[in-house]
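Structure assessment
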Amino acid sequence: AQSVTQLDSHVSVSEGTPVLLRCNYSSSYSPSLFWYVQHPNKGLQLLLKYTSAATLVKGINGFEAEFKKSETSFHLTKPSAHMSDAAEYFCVVSGSRSGGSNYKLTFGKGTLLTVNP
Amino acid sequence: KAGVTQTPRYLIKTRGQQVTLSCSPISGHRSVSWYQQTPGQGLQFLFEYFSETQRNKGNFPGRFSGRQFSNSRSEMNVSTLELGDSALYLCASSYRGAGDTEAFFGQGTRLTVV
């Protein structure tokens, strides 16, 4: 079975300071990993995805994540937070025993990011 | 291009009733998957359809069912509603299937069961 654990349910940062949202995954094969963002009253938007091409993945809005197999981690970072980054962030895993997609996304519980002025 | 459209946006139903939610995917996308989002359980996978066939199903009771039409539009149905079915139901559209190709989400249908 595959699963993800988001280590912090709430992260609070000041505008202009770095953001770190932590995610650990569990999978018996090489998974596909994603970060999604959900703004209030809006649908989920894909920030970035890892599919084994490169361990450092760059996404939209200045976010990036690094896949570390030895640590089973996929932490999301951004050098400088902006007020508009305030939202809920989900770490997501997908995959199957054969290594392909099972067309099912397994979501972490989410991390609420607050950005203070 | 138009995004994923879910209707209705809000619903209030009484315990014991049934409800049907609709999802129109992005044009050209053949995969539609459904998720339930609640404060306690987070986002949970319900089922996924591709070309009118269910390819994967989550761990939900049989009261939850779905289907997909030839134009890729999908509906999900919940029968004999319970208070615990109150949730945001999200639909995701993708070309070949979520996890394989990018999944685009609709804004959801907020179901309240009273």
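Residues numbered from 1 in each chain as written. Chains lettered and ligands numbered in written order. Predicted model: local features only at pLDDT ≥ 70, side-chain atom pairs only at ≥ 80, totals over all residues. Heavy atoms only, no water.

1. Observations regarding the state of the cysteines
- In total, this model carries two disulfides over all chains according to the counting rule given.
- Disulfide partner of Cys23 of chain A: Cys91 of chain A, at an S-S distance of 2.0 Å. What sets the handedness of the Cys23 of chain A and Cys91 of chain A disulfide is the S-S torsion sign, and at about -65 degrees it is left-handed. Of this pair, Cys23 of chain A sits in strand S4 (residues 23-26) while Cys91 of chain A is found in strand S10 (residues 87-94), placing the two residues 68 residues apart along the sequence.
- On the basis of relative accessibility, which here comes to 0%, the residue Cys91 of chain A falls in the buried class.
- Across the disulfide, Cys23 of chain B is cross-linked to Cys91 of chain B (sulfur-sulfur distance 1.7 Å). Between Cys23 of chain B and Cys91 of chain B the disulfide shows an S-S torsion of about -45 degrees. By sign, it is left-handed. Remark: Cys91 of chain B occurs in strand S9 (residues 87-94) and Cys23 of chain B occurs in strand S3 (residues 19-24); sequence separation between them is 68 residues.
- With relative accessibility at 0%, the residue Cys91 of chain B sits in the buried group. (Disulfide = S-S within 2.5 Å. Helix = DSSP H or I, 4+ residues; strand = E, 2+ residues; numbered from the N terminus. Buried < 20%, exposed > 50% of the residue type's maximum accessible area, 1.4 Å probe, protein only.)

2. Here we look at the environment of Leu11 of chain B
All names here are of chain B.
- Among the secondary structure elements, Leu11 is positioned in strand S2 (residues 10-13).
- C-alpha separation for the pair Leu11 and Thr112, spaced 101 residues apart in sequence, amounts to 6.1 Å.
- With residues up to four places along the chain from it excluded, the contact list for Leu11 reads Val19, Leu21, Thr109, Arg110, Leu111 and Thr112. (Contact = heavy atoms within 4.5 Å.)

3. Some details on the pairing of strand S8 (residues 74-78) of chain B
Residue and element names in this part refer to chain B.
- With five of five residues buried, S8 lies mostly within the body of the structure.
- Of the two faces of S8, the one holding Ser74, Met76 and Val78 and the one holding Glu75 and Asn77 are both buried throughout.
- Pairing of S3 with S8 involves five bridges; the strand directions are antiparallel. Considered in S8, the bridge of Cys23 is made with Ser74.
- Bridge count for strand S7 (residues 64-68) against S8 is five bridges, and the pairing is antiparallel. Across the sheet, residue Gln68 finds its bridge partner in S8, namely Ser74.
- Between the end of S7 and the start of S8, which pair antiparallel, lie five residues, with Ser72 showing a positive phi angle near 80 degrees. (Pairing = 2+ DSSP bridges.)

4. Some points on the pairing of strand S1 (residues 3-6) of chain A
Residue and element names in this part refer to chain A.
- Going residue by residue along S1, you find Val4 and Gln6 tucked away on one face and Ser3 and Thr5 left uncovered on the opposite face.
- Two elements, S1 and S4, share four bridges in a ladder whose sense is antiparallel. Paired with Ser3 across the two strands is Ser26, which belongs to S4.

5. Comments concerning the interface of chain B and chain A
- Taken together, the contact between chain B and chain A spans 23 residues of the former and 18 residues of the latter.
- Where chain B abuts chain A, roughly 1600 Å² becomes buried across the two surfaces, and 55% of that area is made up of carbon and sulfur atoms.
- For chain B, the biggest contributors to the area lost against chain A are Leu43, Gly99 and Phe105 of chain B; these three give 30% of the whole.
- Counting every contact that joins chain B to chain A gives zero salt bridges.
- Taken together, chain B and chain A are joined by four residue pairs in polar contact (both at pLDDT 80 or more).
- Those elements giving two or more residues to the side of chain B that touches chain A turn out to be strand S4 (31-38), strand S5 (42-50), strand S6 (53-57) and S9 of chain B.
- Top element by residues in the side of chain B that touches chain A is S5 of chain B. It accounts for four residues.
- Across the side of chain B that touches chain A, the residue classes tally to eight nonpolar, nine polar and six charged. (Buried area = accessible area lost by both parts, 1.4 Å probe. Salt bridge = Lys/Arg side-chain N within 4 Å of Asp/Glu carboxyl O. Polar contact = N/O pair within 3.5 Å; in protein donor to acceptor, adjacent residues only side chain to side chain. Nonpolar A, V, L, I, M, F, W, Y, C, P; charged D, E, K, R; others polar.)

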